[in-house]
Structures are given as structure tokens and as C-alpha cells.
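Coordinate inspection notes
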Amino acid sequence: MEAMFKETACLSLGEIEAYHKGDLSGAQLRRVEHHLIDCALCDGALEGFNKRSDRVQDQIQLRKLNKAVRSSSRSRPFFFNKAVAAILILIVATSLLIYWQHNKGERLFAQLYETPVYEGSQQRGNSEGMRHNAIRQKAFVSFGQKDYAQAADLFETYLPEEANDFEAIFYAGIAQMEGRNLEKAIQYFQSTRLNDEEQYEGATWYLALAYVRQKEYEQAGLLAQEIEMTSHPIYRAKAVALLEKLGIKN
Amino acid sequence: MSLRWLKPKKGFANLSDEQLLTAFQETGEEQYFFALFGRYTHLLYYNCKQYLSDEEDCKDMVMTIIEKAYEQLPNIKIEYFKSWLFSVIRNQCISHIRSYSRTANQTAAWKKHQEVQEAVFPLYEGMEKESQLSSEQIQAALQALEENQRRCIHLFYFENKSYREIMTLTGFSAKEVKSYLQNGKRRLKGSLLAFQQNKP
């Protein structure tokens, strides 16, 4: 008698189909019929199932429904879990901040850097240096063609024999900086600014930019302040702009 | 600090409808709602099929019912989910039929259906202490049934006969068998509950 009022699970689609076809027997049939007495929902579904006319259409529509319900049940919790959402926002914000800081050097560099134009100079060297001069010329031709990798290679061949050609050393530094070989570029700019008075402001400016690109802002600031004290009209203005961007000068 | 939110919320199979419903009402998390309705998609669809002939209409009606349920559920107290769901389906389908002035045949269909189903729920409630009743009280409750109801109840529950076998033995139609069983069980439950309440 107790079992008579015991609640049982609703019918699956398979059970409804099997019952409709008369395929059930024994305990399965008993379970279905027992449940149908109590469950208006399943009884109603069976009535509806008996009225169906297009089995394929039913299956299509049911598949659509199941898909809609399943996809909702999977995706919604993710979007609606506020704690997870807050953590994700925090992670994204932190990542953006780190990315922004990380790229500060590149951003500043891109805003301030201009490739100097080589306008040509007298050939150097003596008769022994004919071969070197040819390399030098090729290096500057490549530089003029913006083939900085080729120019850097040629300068590297040329400079060991011509350690006092500071014009070449300066452009070798530019070629290296274009190729992001900053250590070498810094070395060349240092050498130029200390040894070639004519190129002092230019070499110092590009040295400051090399430090900016290396994210060594303090060093870059000191160099910019050094340029600010000169009277060079172009580089002085550039140095002031850099100091402002670094927050050293308002 | 509670880290409950870190736990994956899977395995709703062990939760009852009412537990899923409560979880949805308390947390507002849709996963509980869709886990609950995922159990009844096919039943919703074929219940709608009683009223609507077009398959696409049935699917749309199910979606409408789910949307309405989603809006209503957070704000209402439901004791027995299936009973509530059944009435929502019925009301929604009837409202749809009325608004589109469907055929008289369809209207007759739901009226008939309404008569049969209206009194069915909830049959389980309040029967936890049924085992405490004496066999005399159970016999008395059975005797209080109408003859046809008692006959069908006896054949189905005490002789384990199927609907078809009862039809053969009694000559009743399938609908009559079902009706006698449903109404008989309902009356039986009423009598048994009365015995329980009058118990010293």
C-alpha cells in the first residue's frame, strides 16, 4: 500500500515512445502506468505524443529545444558568476596595465624617433683605404635605401679599420638601433658624442632614445637634460619634449 | 572566506526539482533553472502538442513558457513544481488558442483535458505517515470508493494488471480505466488523510 503513493520519476522520451508502440512489458510497463496515474504532465505528454503527425518535425523541434536549454545551462553560470567575473576583470585590467607600462618605452620611442637623413660626406681614407671606402659607400647606400640590416653588416666590416670615422660610427649606431641591437647602438653613440664635437647633440639625442627604448628612463632623462643645456635648436626642442613626456619637466 | 563559487556546479542529477528551484530562487544562477527545465523539455513539448498541431508552434510555445517561468519563478512560492508547470502549460496554451481564435475542435480538446487532469495533483503530499494506518482503515478507505474505481484500483495495485488487461477484464475503455484509477486514487488518498488527521 505504501508503494501506491510513492513518487516516481517522470517518463523519458524513450519510455513514452515505447509505451505508445506497445513495446513495454513487465516492470517497465508497470512503472509507466503507475506513474501515469499520478502525473498529469506525463499523461498530457502521452496524449500529445499520440496526436503527433510528423515524427521527423517533432525530432527537429525537440533537438532545437534541447540545444537551446543545454547551451543556456552551460554558458550562463560562467557569465553570471559574479566572483569569477570580478576576478576576470581584475586580471584583464592588470594585464592591460602591465602591457601599457611594458610598452611605455616603445611608445615614447615611436613618438620621438626620426631616422636621420644621410646627406653624404667626403670620402675618407687614403689609397690603401680604397677598398674600405667602397664598403663605406655601400654601407651608406644601404642606409639610404633603409636596408638597415645590410648597412649594419657593412659598417661592422668597415669600422674595425676606421675607428675614427665618427660619422660612420654614428650611422652605424642608427642602423643598429633600427635593428633593435641597442647595446651596440649605445656603444656607438657614446663613442661619437665623446669624440666628435660636431655630432655631440645628435649622438646624445639618439643615445637618450636608445635608453628610452631600453626602458632606462633615468639615464635617458639625464642625457636629455644635458642636451637642454646646449643651444642646438632642433635637438634642444626634442630633449625638452622628452623631458616633459618623462615627467621630469612640466 | 567562502570558496563555494570555485566548486564546479555539475551533477544536478541528485537534486530534486524543488531543490533546483530553491537554488535558483536563492542564488539567481541560471544553471539551476536550465537544469530543472532540461528535465522536462520533451514533456513540455508534447503537452503543447495536445493543443497545437504545428510542430514549430509547439517549440515556440515551449520557449515562451520557459521565458515566462524564468520571469515568474524568482518571485513565487511553489510547493510542487510539476503541478505548477502543468498549470502554466495549460494556461499558456489556452491563452494562445484564445488569442488566435483557433478551431472549436482544439478548444474542446483542452476542455476535455482540463476535466481529466485538473484534480490529479498533488497525490503524494501528506502521505508520509500512510504506513501508520491500520489495515482496517485501509480496507475502509477502499470500501468507500465507487464500485468501478475500487475494481480498477484493486486490479492495478493489488493484482498488478496493466491498463490493457484491466480493459479486457472489465470492458472499460482506456480512458475510463485511467479516469477510474486517477479519481479512485484521489478519493482513496482523501480517506486515508482523514484517518490520519483523526488519529488520537
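Predicted model, so just to flag it, every value in this text is computed and none were measured.

Moving on, we get to the overall build of chain A. On a plain count of helices and strands, chain A comes out with 13 helices and zero strands. What you see in chain A, going N to C, is helices and strands ordered as α-α-α-α-α-α-α-α-α-α-α-α-α. Among the 250 residues that make up chain A, the fraction classed as buried is 44%. Taking as baseline every contact in chain A between residues at least 6 positions apart, the subset at least 24 positions apart corresponds to 54%. When the accessible surface of chain A is summed, it comes to about 13900 Å², and 52% of that surface belongs to carbon and sulfur atoms.

The subject of this paragraph is the interface of chain B and chain A. Counting from both sides, the interface comprises 55 residues of chain B and, opposite them, 53 residues of chain A. Note on chain B versus chain A: buried area summed over both sides is about 4900 Å², and carbon and sulfur give 65% of it. The interface formed by chain B and chain A holds three salt bridges in total. B:Lys178 is the partner of A:Glu47 in a salt bridge, and the nearest nitrogen-oxygen pair spans 3.7 Å. If you list the elements that add at least two residues to the side of chain B that touches chain A, you get helix H2 (30–38), helix H3 (41–49), helix H4 (55–72), helix H5 (81–99), helix H6 (104–117), helix H8 (147–158), helix H9 (163–170) and helix H10 (174–197) of chain B. In terms of residue class, the side of chain B that touches chain A is built from 30 nonpolar, 12 polar and 13 charged.

With that settled, the discussion passes to a nonpolar patch on the surface. Together, A:Ile87, A:Leu88 and A:Ile91 give the surface a local cluster of nonpolar side chains, amounting to about 250 Å² of exposed area. Among the structural elements, A:Ile91 can be located in helix H5 (residues 82–102).

With that settled, consider the packing of aromatic side chains. As enumerated under the stated definition, the model contains 26 aromatic pairs over all chains in all. Judged by centre distance (5.2 Å) and plane angle (50 degrees), the ring pair of B:Phe24 and B:Phe33 falls under tilted. What makes B:Phe24 buried here is its relative accessible area of 4%. According to the relative accessible area criterion, B:Phe33 is buried, its value standing at 1%. Sitting above the plane of the B:Phe156 ring, A:Arg30 keeps its charged end 4.3 Å from the centroid. Geometry around A:Tyr217 places A:Lys104 over its ring, the cationic atom sitting 4.6 Å from the centre.

Here the focus is the packing of helix H1 (residues 13–21) of chain A against helix H3 (residues 40–50) of chain A. Packed helices, taken two at a time, are described by the angle their axes make and the gap between the axes. Residue and element names in this part refer to chain A. Where H1 contacts H3, the two axes come as close as 10 Å, and the packing angle between them is 60 degrees. Relative to H3, H1 is oriented oblique. Classified by chirality, the crossing of H3 by H1 is right-handed. On H3, the residues touching Leu-13, Ile-16, Glu-17, Tyr-19 and His-20 of H1 are Ala-45, Leu-46, Phe-49 and Asn-50. Of the residues assigned to the contact of H1 with H3, the class counts are six nonpolar, two polar and one charged.

Turning next to unusual backbone geometry. Both trends apply: most residues other than glycine have a negative phi, and most peptide bonds are in trans. At A:Lys215, a residue that is not glycine, the phi angle is positive and equals roughly 65 degrees. Among the structural elements, A:Lys215 can be located in the loop between helix H11 (200–213) and helix H12 (217–228).

A pair can form between side chains of opposite charge whenever their charged atoms are brought close. The final tally for this structure, using the stated rule, is 18 salt bridges over all chains. For B:Lys178, the salt bridge identified is with A:Asp43, shortest N-O distance 2.5 Å. Here A:Asp43 lies in helix H3 and B:Lys178 lies in helix H10, a pairing that spans two chains. A relative accessible area of 11% means that B:Lys178 is categorised as buried. Take A:Asp43: its relative accessible area is 1%, and that puts it in the buried class. Among the salt bridges present, the one from B:Lys59 reaches B:Glu56, with a minimum N-O distance of 3.7 Å. Highlighted residues: B:Lys59 and B:Glu56, both in helix H4, separated by three residues, approximately one helical turn.

Let's shift gears to the nonpolar core. Among the nonpolar cores identified, the biggest contains 74 residues, and B:Phe37, B:Leu73, B:Trp84, B:Leu85 and B:Leu181 are the most heavily contacted of them. Of the residues forming this core, the biggest block, eight residues, is contributed by H5(B). Here B:Phe37 is in contact with A:Val69, B:Leu44, B:Ile66, B:Ala69, B:Leu73, B:Phe81, B:Trp84 and B:Leu85, once residues within four sequence places are set aside.

So, on to the confidence of the model for chain B. All names here are of chain B. Averaged over all residues, the pLDDT of chain B equals 79, while 76% of them reach at least 70. Within chain B, H6 has the poorest average pLDDT of any element, 50, and H3 the best, 93. Across residues 1–9, confidence stays below pLDDT 50; counting only partners more than four residues off in sequence or on other chains, it has eight contacts.

On to the environment of A:Leu41, then. Residues and elements named next belong to chain A. For Leu-41, the location among the structural elements is in helix H3. Classification of Leu-41 by relative accessible area gives buried; the value is 0%. Remark: the alpha-carbon pair of Leu-41 and Leu-11, spanning 30 residues in sequence, is separated by 9.4 Å.

Now for the packing of H3(B) against H4(B). Residues and elements named next belong to chain B. Direction vectors running N to C along H3 and H4 enclose 125 degrees, while the axes themselves pass 9 Å from each other. In terms of orientation, H3 lies oblique with respect to H4. Taken as a pair, H3 and H4 cross one another with a handedness that is right-handed. Note on element contacts: H4 touches H3 through Glu-55, Cys-58, Lys-59, Met-61, Val-62, Ile-65 and Ile-66, opposite Leu-44, Tyr-45, Cys-48 and Lys-49. Of the residues that constitute the contact of H3 with H4, the class distribution is eight nonpolar, no polar and three charged.

Residue and element names in this part refer to chain B. Every buried residue of helix H7 (residues 135–143) is accounted for by Ile-138, Ala-141 and Leu-142. For H7, the buried positions fall inside an angular range of 100 degrees around the axis, keeping them on one side. Exposed side of H7, more than 90 degrees from the buried face: Glu-136 and Gln-143 are the residues found there. Residues of H7 that are buried in the fold lie against H8 and H10.

About the cut-offs
- Numbering of residues begins from 1 in every chain and follows the order in which that chain's sequence is written.
- As they are written, the chains are lettered A onward and the ligands numbered 1 onward, keeping that order.
- Local features in this predicted model are restricted to residues whose pLDDT is 70 or higher, and side-chain atom pairs enter the listing and the counts only when it is 80 or higher, whereas totals over whole chains, interfaces and linings include all residues.
- In computing side-chain values, all of the structure's heavy atoms are included and hydrogens and water are not.
- Every helix listed is a DSSP run of H or I at least four residues long, and every strand listed is a run of E at least two residues long, numbered separately from the N terminus.
- Burial status follows relative accessibility: with a 1.4 Å probe on protein chains alone, a residue under 20% of its type maximum counts as buried, one over 50% as exposed, and anything between as partly exposed.
- Working rule for contacts: check all heavy atoms of both residues, and any pair within 4.5 Å makes them a contact.
- The protein chains shown are the only cover counted for residues, whose accessible areas, like all others here, come from Shrake-Rupley with a 1.4 Å probe.
- Joining two parts hides part of their accessible area as seen by a 1.4 Å probe, and the buried area is that hidden amount summed over both.
- What counts as a salt bridge is simple: a side-chain nitrogen of Lys or Arg found within 4 Å of a carboxyl oxygen of Asp or Glu.
- All residues other than Ala, Val, Leu, Ile, Met, Phe, Trp, Tyr, Cys, Pro, Asp, Glu, Lys and Arg, Gly among them, are scored as polar; the first ten of these are nonpolar and the last four charged.
- Patch definition: residues above 30% relative accessible area lacking any salt bridge, with like charges linked at up to 9 Å and the nonpolar side chains Val, Leu, Ile, Met, Phe, Trp and Tyr linked at up to 5 Å.
- Note on aromatic contacts: the rings of Phe and Tyr and the six-membered ring of Trp form a pair at centre separations within 6.5 Å, being stacked when their planes are under 30 degrees apart, edge-to-face when over 60 apart, and tilted otherwise.
- Charge-over-ring contacts are defined here by two conditions on Lys NZ or Arg CZ: a distance within 6 Å of the ring centre and an angle within 35 degrees of the ring normal.
- Only the stretch in contact is used when a helix axis is fitted, and all axes are lines through C-alpha atoms; the angle between N-to-C directions ranges over 0 to 180 degrees.
- Between 65 and 115 degrees an angle is taken as roughly perpendicular, under 35 as roughly parallel, over 145 as roughly antiparallel, and anywhere else as oblique.
- Crossings are sorted by hand: turned counterclockwise from the far helix by less than a right angle, the near helix makes the crossing left-handed, and turned clockwise it makes it right-handed.
- Buried Ala, Val, Leu, Ile, Met, Phe, Trp, Tyr and Cys residues form a nonpolar core when they are joined through side-chain atoms within 4.5 Å.
- A score from 0 to 100, pLDDT tells how confident the predictor is in each residue.
- The arc in question is the one traced by the directions running from the helix axis out to the C-beta atoms.

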